[in-house]
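Per-entry structural report
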Amino acid sequence: MRLRQIAVATVVLGVLCVPAHAEARDISRDTLPANDGWAAYGTGTTGGSAADDAHVHTVTDRAGLVRALDGGSDTPKIIKVAGTIDANTDDDGHHLDCADYATDGYSLKKYLAAYDPRTWGSAKPSGAQEDARQASAARQAERVTLPVGSNTTIVGLGDSAVLKGVNLQVKNANNVIIRNLDLRDAYDCFPVWQPNTGGLGDWKTSYDNIWLTGATHVWIDHVTASDKGHPDADEPTYFARNYLRHDGLLDITNGSDLVTVSWSRFQDHDKAMLIGNSDSATGDRGKLRVTLHHNQFESVVQRAPRVRFGQVHVYDNRYVVPEGSEYRYSLGVSTESGIYAENNAFHTPGHIEVVDLVKSWNGTALHQTGTLFNGYPVDLLAIYDAYNSGSERDLTADVGWTPTLHGKIDSAATADREVARGAGAGRIP
Ligand code: CA
């Protein structure tokens, strides 16, 4: 009798614990809709939708995720993430912190003493502490960098799937879908000092939440990517520079091509999205074609996105700069970039002006229409050229291409409302 009561209670609890969203349809075999951005080009993007039953995995910890990823194999596979997976764990699932990775005598205190610019100068760090940092960093990378191969779909189950500390790396792979996942805090325990970056030197960190490198046909949809748990603003300053712990939220580099990023949230972060990582990477010419639509960028300092070489369609996105947050710019126009921006809405505090939204380094063109700035229509290009005539060269509106692969383009006001409500993990309708 007693046992039966417990069994009944368990069943009732089990039902109560299932969130309403868990009743939602199975998204794991979805494919990118026709014409939905650059990833729909040619053969489109189907991810692991053709997986046989033996290659459909539900994973709940790092070890299971690693097994399911299968070393980045190209076997069609579907990976469903349930709950929170922490990449910084050992094979038994025990959490590893930075001290667990440190090896060969590395200590931050000794590292700072060794490469203080006032005594070390501006040479690249070398010697015992830099060697020890590299060895320690390799131990962390072995845990947190997870390769995603071709023909793979990774989806979160329900509205609570989290990948914490993970650097998902889609490297030289084709046909990948990543949806409904909260990717947070790709935290680097061992930043390197780069004395010659930007005049003052800077700290360089290793991990993007998602890194597409040589990746083609990728659809990223309804993800949330942030530094949640470890904001860089709370990190100390060393050598007069913020000791950054995070690199990009989603970086797209090294000949990556045909990417659609939709209905996602990028937030609480410095450098959100880099498309093209070098002016000298001329192999990126004709590639880096990316569509960004219905995404929200909130509390992002810069790179939303910053573009080199690529034809990038940026439409129906929502940008929010809260009062008191650090801000540099949103749209970065760099070498040979072709940003085609339509119907994006910006919300900013009073000290940010329209001209601040765009920054150019060696860029030549920006197409923009339908921009809303705190509810008012503005012409980003005309204002940019009017204010920057003394320093940077003027940008022209001719980016050399017109997008044809896209869904319905809403007005900025409509998109603004719908993105606020519907973008991010756990919000697939
Ligand atoms: Ca990066």
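Residues numbered from 1 in each chain as written. Predicted model: local features only at pLDDT ≥ 70, side-chain atom pairs only at ≥ 80, totals over all residues. Heavy atoms only, no water.

An unreviewed UniProt entry lists the chain under the name Pectate lyase, with Streptomyces cylindrosporus given as the organism. Looking at the Subcellular location (unreviewed entry) heading of the UniProt record, one finds this comment for the chain: "Secreted". Recorded in UniProt under Sequence similarities (unreviewed entry), the annotation for the chain is "Belongs to the polysaccharide lyase 1 family." (UniProt positions renumbered as here; feature names shortened; annotations may be inferred.)

Another point: helix 8 (residues 412–422). Taken together, the buried positions of helix 8 are occupied by A412, A415, D416, V419 and G422. Taken around the axis of helix 8, the buried residues stretch over an arc of 165°, which confines them to a single face. The exposed set on the far side of helix 8, more than 90 degrees from its buried face, consists of R417 and R421. Those residues of helix 8 hidden inside the fold are in contact with strand 19 (265–271), strand 22 (296–302), strand 25 (318–320), strand 28 (345–347) and strand 31 (371–373). Immediately beyond the C-terminal end of helix 8, within one or two residues, lies G424, with a positive phi of roughly 110°. (Buried < 20%, exposed > 50% of the residue type's maximum accessible area, 1.4 Å probe, protein only. Helix = DSSP H or I, 4+ residues; strand = E, 2+ residues; numbered from the N terminus. Arc of directions from axis to C-beta. Contact = heavy atoms within 4.5 Å.)

Turning our attention to the confidence of the model for the chain. On average, residues of the chain carry a pLDDT of 93, and 93% of them reach 70 or more. Overall, residues 1–22 carries pLDDT values under 50, and its contacts beyond four positions in sequence, including any with other chains, amount to four contacts. (pLDDT = per-residue confidence, 0-100.)

Once that is clear, we can look at the sheet that holds strand 24 (residues 311–315). The 10 strands are arranged 1-2-5-8-13-18-21-24-27-30 in an open sheet whose pairing can be described as parallel. The open sheet has two free edges, formed respectively by strand 1 (56–59) and strand 30 (367–369), since each of these has just one partner strand. Here the strands of the sheet are splayed against their neighbours by 10° on average, with no regard to which way each runs. Bridge analysis of strand 8 (residues 174–179) against strand 13 (residues 216–221) gives five bridges, and the strand direction is parallel. (Pairing = 2+ DSSP bridges. Axes fitted to C-alpha atoms, helices over the stretch in contact; angles between N-to-C directions.)

So, about helix 2 (residues 62–69). Quick reminder: α-helices carry 3.6 residues per turn. Residues three or four places apart thus point the same way. Where helix 2 is concerned, the buried positions are R62, G64, L65, A68 and L69. Projected onto a plane normal to the axis of helix 2, the buried residues spread over an arc of 165° and lie on a single side. Among the residues trailing helix 2, D70 stands out with phi positive, at a value near 60°.

Reading across the sheet, the 10 strands line up as 3-6-9-14-19-22-25-28-31-32 and stay open at both edges, with mixed pairing between neighbours. In the strand order of this sheet, the two ends are held by strand 3 (84–86) and strand 32 (376–378), each with one partner. Averaged over neighbouring strand pairs, the angle between their axes works out to 20° when direction is ignored. The sheet contact formed by strand 9 (residues 182–184) and strand 14 (residues 224–226) spans three bridges and is parallel. Across the sheet, residue L183 finds its bridge partner in strand 14, namely A225.

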